[in-house]
Amino acid sequence: MSTTMEQTILTDEQIRFYRENGFVQVDGVLNAEELEELREYLGEAMQADQDNSFSTDKEGGAYYRVLNQKVNTWRDHGGMAKYVLHPRFAGLAKQLTGASAIRLFHDHALYKMPGDSKPTPWHQDMPYWPMNEKGSLSIWITLDDVDERNGCMMFVPGSQKAGKLKGIDFINPQDIKEYVEDPEIAAKQPVIVRMKAGSCTFHDGLTFHYAHSNQTDAPRRVLAIIYMPDGTTYSGKGHPVTNGEALTADQPIRGRLFPVLAK
Ligand code: SIN
Ligand code: NI
């Protein structure tokens, strides 16, 4: 697989791996020019005034030490929209899930800041999403080389089979294993995923994942995009991205903020 040509078609083995393990690594989803461009756009989006995008904590806050996060960068920055709405990435999500079409849920810039950095605790994403069905997933595109020193991720293979557990508090985290009933899943060992800038992982909304703290002196810069299979229905629970939108409980999530990106 080339690192200068971006990957658009997954191998059968990558698809099988994702469905079995709940995550997969895909190298070279950005070519060198795209990597440079997205670094520039993401930096601008993090600095920009917030209109429709929003940060989840201020510098110095406890959550900020885990993640300096900005949600829905695409709504305030045209360059971010180019990448967040890009059919290539959504197309990979479609191949992995086998969904007939893929919609956007939201994006987030995920900077793990240097200096008193905390790990992202073991958690599933799905407990935070107002969706009735499973199947939604994230792409996590790293703009920096990542390893254990600056915030690379770990995944527990097959942990998506544990079903939806309780949400974890990112500041005072519970031990997710205490919620796991199946001893086989509780005994599984995590996999460390070190990657080159411009590569990505996909993970299912139910897969247990963790990110190391950042012990270097530069931010770890990531763009994550959350996708849902078309037809995923709204649970009716509050969420910063759906609040104020015309959604009806138990009806498909759709409309101006949740476009179909691949079909
Ligand atoms: C992180 O980037 O540190 C965590 C990402 C995630 O929870 O999906
Ligand atoms: Ni997560």
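The structure reproduced in this document is the subject of the present report. Just so you know, these numbers come straight off a predicted model, no measurement behind them.

## As for the layout of surface pockets
One simple way to see leftover space: roll a probe sized like a water molecule over the atoms.
Right, on to step 1. Approximately 520 Å³ is the volume attributed to the largest pocket.
Right, on to step 2. Surrounding the largest pocket, 29 residues form its lining, Tyr63, Gln69, His108, Asp125 and Phe170 being those nearest its centre.
Right, on to step 3. Elements supplying a minimum of two residues to the lining of the largest pocket: strand 3 (68-71), strand 4 (102-112), strand 5 (120-123), strand 6 (137-142), strand 10 (209-211) and strand 11 (220-229).
Right, on to step 4. Classifying every residue of the lining of the largest pocket by side-chain character gives 17 nonpolar, 10 polar and two charged.
Right, on to step 5. Its boundaries defined by the atoms lining it, the second largest pocket holds a volume of some 180 Å³.
Right, on to step 6. Forming the walls of the second largest pocket are Tyr18, Arg19, Gly22, Thr97, Lys134, Gly135, Gln160, Lys161, Gly163, Asp204 and Leu206.

## Focus: the side chain of Ser136
Right, on to step 1. As for its placement among the helices and strands, Ser136 is situated in the loop between strand 5 and strand 6.
Right, on to step 2. In this structure Ser136 comes out as buried when scored by relative accessible area, which is 0%.
Right, on to step 3. Once you skip the residues sitting within four places of it in the chain, Ser136 turns out to touch Met126, Trp129, Met131, Asp204, Gly205, Tyr227, Met228, Pro229 and Thr232.

## Some points on the site of ligand 1
Right, on to step 1. Around ligand 1, the structure places Leu67, Leu110, Lys112, Thr120, His123, Trp140, Met153, His203, His209, Ala211 and Arg220.
Right, on to step 2. A distance of 2.9 Å separates an oxygen atom of ligand 1 from a polar atom in the side chain of Trp140.
Right, on to step 3. Take His209: an N or O atom from its side chain is 3.1 Å from an oxygen atom of ligand 1.
Right, on to step 4. Burial of ligand 1 by the protein chains amounts to 95% of its free accessible area of 250 Å².
Right, on to step 5. Among the cavities detected, the one that contains ligand 1 is the largest pocket.
Right, on to step 6. Mapped by element, the contributors of at least two residues to the shell around ligand 1 are strand 4, strand 5 and strand 10.
Right, on to step 7. Here the residues of the shell around ligand 1 sort into five nonpolar, four polar and two charged.

## Topic: the packing of aromatic side chains
Right, on to step 1. In total, this model carries eight aromatic pairs according to the counting rule given.
Right, on to step 2. A centroid spacing of 5.4 Å and a plane angle of 90° characterise the contact between Phe17 and Phe23, whose relative ring orientation is edge-to-face.
Right, on to step 3. On the basis of relative accessibility, which here comes to 27%, the residue Phe17 falls in the partly exposed class.
Right, on to step 4. Measuring from centroid to centroid gives 6.1 Å for Tyr128 and Phe170, while their planes differ by 90°, and the two rings are edge-to-face. Residue Tyr128 is found in the loop between strand 5 and strand 6, and its partner Phe170 is found in the loop between strand 7 (153-155) and helix 6 (183-186); the two are separated by 42 residues along the sequence.
Right, on to step 5. Given the relative accessible area of 32%, Tyr128 is considered partly exposed.
Right, on to step 6. Relative accessible area serves as the criterion here: at 13%, Phe170 is assigned to the buried category.
Right, on to step 7. Three or more aromatic residues joined by ring pairs make a cluster, and in this case those are Phe17, Phe23 and Phe155.

Conventions used here
- Residues numbered from 1 in each chain as written.
- Chains lettered and ligands numbered in written order.
- Predicted model: local features only at pLDDT ≥ 70, side-chain atom pairs only at ≥ 80, totals over all residues.
- Heavy atoms only, no water.
- 1 Å grid on protein atoms, 1.4 Å probe; cavity = no way out; pocket = protein on both sides within 12 Å on 5 of 7 lines; lining within 4 Å.
- Points joined across faces, edges and corners; volume = space filled by probe spheres on them.
- Helix = DSSP H or I, 4+ residues; strand = E, 2+ residues; numbered from the N terminus.
- Nonpolar A, V, L, I, M, F, W, Y, C, P; charged D, E, K, R; others polar.
- Buried < 20%, exposed > 50% of the residue type's maximum accessible area, 1.4 Å probe, protein only.
- Contact = heavy atoms within 4.5 Å.
- Near = heavy atom within 4 Å.
- Polar contact = N/O pair within 3.5 Å; in protein donor to acceptor, adjacent residues only side chain to side chain.
- Areas by Shrake-Rupley, 256 points an atom, 1.4 Å probe, with all protein chains shown as cover.
- Sits in = over half its atoms within 2 Å of the grid points.
- Phe/Tyr/Trp six-rings, centres within 6.5 Å; stacked < 30°, edge-to-face > 60°.

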